[in-house]
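Notes for the structure review
Each chain, written out:
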Amino acid sequence: TFVCVLKACGIIGSIEKGKEIHDEVASSGLIEKDIVLGTALVDMYAKCGLLEKAREVLDEFPVRNIISWNALITGYAQQGQNHEVLNSVDQMRSEGLSPDGVTFICLLKACGSTGAIDKGEQIHEEIVARGLLEQDAVLANALVDMYAKCAALSKAWKIIEERNIQDVVSWNALIAGYAQQGLWHETIYCFEQMENEGLYLNPVTFICSLKGCGSNIGDISKGKKIHEMVVIRGLLEKDMVLGNALVDMYAKCGALSQAEEA
């Protein structure tokens, strides 16, 4: 019962109710006896953003496992506390525990956010050595995203190509990487490849591609095609950032009347 209610508290951010339950289970001595209940407490505090409290609870465990560590590490990753992610994984390893797919995803996110390409490459090697990429598409996406954010775009592309990844999340990470680096020809090429692969393009894809059309390329014909696709899918009514990207593209291409219409 407590585990289910703590999960609900974490999802809706009900920290006061979560603390009440913590007091109740602590007074009954259940945390020391039940690692699943203890992990639910860590997860609840982490999801509510109280990471110091989550760490306090974890430190009280007589024995920790990979799931309890991952509850804390995931919280750090979601809050952008990248150094805490790395430190926690180091401590977890010192206790004889090996990272799993969830841990690696958090590590790769931390590496991408901090530009720690060397650490990211070490993690990549470990993932490959353990044969985890064949089993976990989300992990492959995290690798592509890490390399793209570290501006190692050829390595990001290589993972997509070698593994024939058909996931729009990975492709969007790559196209966003090209756009962030101002590699506009590569941005448009990536968009065209996504079209050819039959991937379902989403607002992120369109925004990056419109930046490419409006920048050095000035490719208004491609921009108009993207505009048509966006209108057909009814995306403009739902996404102001996408609408802004269209206006910006037309303006940079010198089509000011069309920018005003958009």
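Here is what the cut-offs are and how they apply
- Residues numbered from 1 in each chain as written.
- Predicted model: local features only at pLDDT ≥ 70, side-chain atom pairs only at ≥ 80, totals over all residues.
- Heavy atoms only, no water.
- Helix = DSSP H or I, 4+ residues; strand = E, 2+ residues; numbered from the N terminus.
- Contact = heavy atoms within 4.5 Å.
- Salt bridge = Lys/Arg side-chain N within 4 Å of Asp/Glu carboxyl O.
- Axes fitted to C-alpha atoms, helices over the stretch in contact; angles between N-to-C directions.
- Parallel < 35°, antiparallel > 145°, perpendicular 65-115°, else oblique.
- Left-handed = near helix turned anticlockwise from the far one by under 90°.
- Nonpolar A, V, L, I, M, F, W, Y, C, P; charged D, E, K, R; others polar.
- Buried < 20%, exposed > 50% of the residue type's maximum accessible area, 1.4 Å probe, protein only.

Topic: the side chain of Ser-209
Among the structural elements, Ser-209 can be located in helix α13 (residues 203-214). Those residues within four positions of Ser-209 in sequence are excluded, and the remaining contacts are Ile-175, Thr-187, Ile-188, Phe-191 and Ile-226.

Let's talk about the pattern of salt bridges
A complete count under the given rule lists 14 salt bridges for this structure. Two residues, Arg-93 and Glu-126, come together in a salt bridge whose shortest N-O distance is 2.9 Å. Pair noted here: Arg-93 is in helix α6 (residues 82-94) and Glu-126 is in helix α8 (residues 117-129), with a separation of 33 residues, a long-range link. The partner of Lys-149 in a salt bridge is Asp-145, with the nearest N and O atoms 3.1 Å apart. Remark: Asp-145 and Lys-149 occur in helix α9 (residues 137-149); sequence separation between them is four residues, near one turn of the helix.

Here's the deal with the packing of α9 against helix α10 (residues 153-162)
As a packed pair, α9 and α10 sit with axes 7 Å apart at the nearest point and diverge in direction by 160°. Classified by the angle between their axes, α9 and α10 sit roughly antiparallel to one another. Considering the relative orientation of α9 and α10, their crossing is left-handed. Here α9 contributes Leu-143, Val-144, Tyr-147 and Ala-148 to the contact with α10, which in turn contributes Leu-153, Lys-155, Ala-156, Ile-159 and Ile-160. Within the contact of α9 with α10, the residues separate by chemical class into eight nonpolar, no polar and one charged.

Brief notes about unusual backbone geometry
In the Ramachandran plot, Ala-151 falls in the positive-phi region, its phi being about 65° despite a non-glycine side chain. For Ala-151, a relative accessible area of 37% corresponds to the partly exposed category. Even without being glycine, Asn-164 reaches a positive phi, approximately 50°. For Asn-164, the position within the fold is in the loop between α10 and α11 (168-180).

Quick notes on the side chain of Asn-70
Counting through the fold element by element, Asn-70 comes out in helix α5 (residues 66-78). A relative accessible area of 7% means that Asn-70 is categorised as buried.

None of this, on its own, says anything about what the molecule does.
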